[in-house]
Amino acid sequence: MRRSADHLARHRLADLFLDTFPYNAHTTAQDALWAGLPLVTYRGQAFAARVAASLLHAVGLPELIAESLEDYEALAFRLATDPALLGAVRDKLARNRLTHPLFDTGLFCRHVEAAYTRMWEIWQGGEHPRSFAIDAIKPI
């Protein structure tokens, strides 16, 4: 347990997390966001290059997602050289961390349970497996 606390504490010492490409950070990006460390990512085309963008959307920070390498560099530079802007992003992350879906485990569980229920209903109805979507469930 101590190693986990140390790991998260190291994130709190940094100013900005610069994501890698073409393989984004996955759990490390989530850890950084949990610790309050903003990250900048470049969204690529492959799954491995889109993970951090998904995390940023789920925590309400899509403005930290660059759509080109040039935009990535410019955004990182802007945040690194503008303490007020970086502070505003940190504040937004602190506000969003416990109010957005990324870290709402209960909401995630309710969505998974709804998907399992729907799969069961499809099977019970004698239907073949198929794609379906679960409607968004509001946080409690």
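Residues numbered from 1 in each chain as written. Predicted model: local features only at pLDDT ≥ 70, side-chain atom pairs only at ≥ 80, totals over all residues. Heavy atoms only, no water.

## As for the pattern of salt bridges
Counted according to the given criterion, the structure contains four salt bridges. The shortest N-O distance in the salt bridge between Glu-63 and Lys-92 comes to 2.9 Å. Linking Glu-63 in the loop between helix 3 (51–58) and strand 3 (65–66) with Lys-92 in helix 5 (residues 83–96), this pair joins segments that are 29 residues apart in sequence. Accessibility expressed as a relative area gives 38% for Glu-63, which makes it partly exposed. A salt bridge links Arg-130 to Glu-127, with the nearest nitrogen and oxygen atoms 2.9 Å apart. (Salt bridge = Lys/Arg side-chain N within 4 Å of Asp/Glu carboxyl O. Helix = DSSP H or I, 4+ residues; strand = E, 2+ residues; numbered from the N terminus. Buried < 20%, exposed > 50% of the residue type's maximum accessible area, 1.4 Å probe, protein only.)

## Structural notes on the confidence of the model for the chain
Averaged over every residue, the pLDDT of the chain is 92; residues scoring 70 or more account for 96%. Ranking the helices and strands of the chain by mean pLDDT puts strand 3 first, with 98, and helix 1 (residues 2–13) last, with 82. (pLDDT = per-residue confidence, 0-100.)

## Considerations on the nonpolar core
The biggest cluster of nonpolar side chains holds 28 residues, and the ones touching the most others in it are Leu-33, Leu-39, Leu-56, Val-59 and Leu-79. If one sorts the elements of this core by residue count, helix 3 sits on top with five residues. If we ignore the near neighbours within four places in the chain, the residues touching Val-59 are Leu-33, Leu-93, Asn-96, Arg-97, His-100, Leu-102 and Phe-103. (Core = buried A, V, L, I, M, F, W, Y, C linked by side-chain atoms within 4.5 Å. Contact = heavy atoms within 4.5 Å.)

## Examining the pairing of strand 2 (residues 39–42)
The alternating pattern of strand 2 places Leu-39 and Thr-41 and Val-40 and Tyr-42 on opposite faces, both of which are buried. In this sheet, strand 2 lies alongside strand 1 (residues 17–18) in parallel orientation, the contact comprising two bridges. Its bridge partner being in strand 2, Leu-18 is matched across the sheet by Val-40. For the crossover from strand 1 across helix 2 (residues 27–34) to strand 2, the handedness is right-handed. Inspection of the sheet shows strand 2 paired to strand 3 by two bridges, in the parallel sense. Bridging across to strand 3, Tyr-42 finds its partner in Ala-66. On the question of chirality, the crossover connecting strand 2 to the parallel strand 3 by way of helix 3 is right-handed. (Pairing = 2+ DSSP bridges. Right-handed = clockwise from strand over helix to strand, strands pointing away.)

## Thoughts on the packing of aromatic side chains
Aromatic rings considered in pairs are described by the distance between their centres and by the relative angle of their planes. For the structure on display, the rule yields three aromatic pairs. When the centroid spacing of 4.4 Å and the interplanar angle of 55° are considered together, the rings of Phe-21 and Tyr-42 count as tilted. One end of the pair, Phe-21, is in the loop between strand 1 and helix 2; the other, Tyr-42, is in strand 2, with 21 residues separating them in the sequence. On the accessibility criterion, Phe-21 (40% relative accessible area) is partly exposed. (Phe/Tyr/Trp six-rings, centres within 6.5 Å; stacked < 30°, edge-to-face > 60°.)

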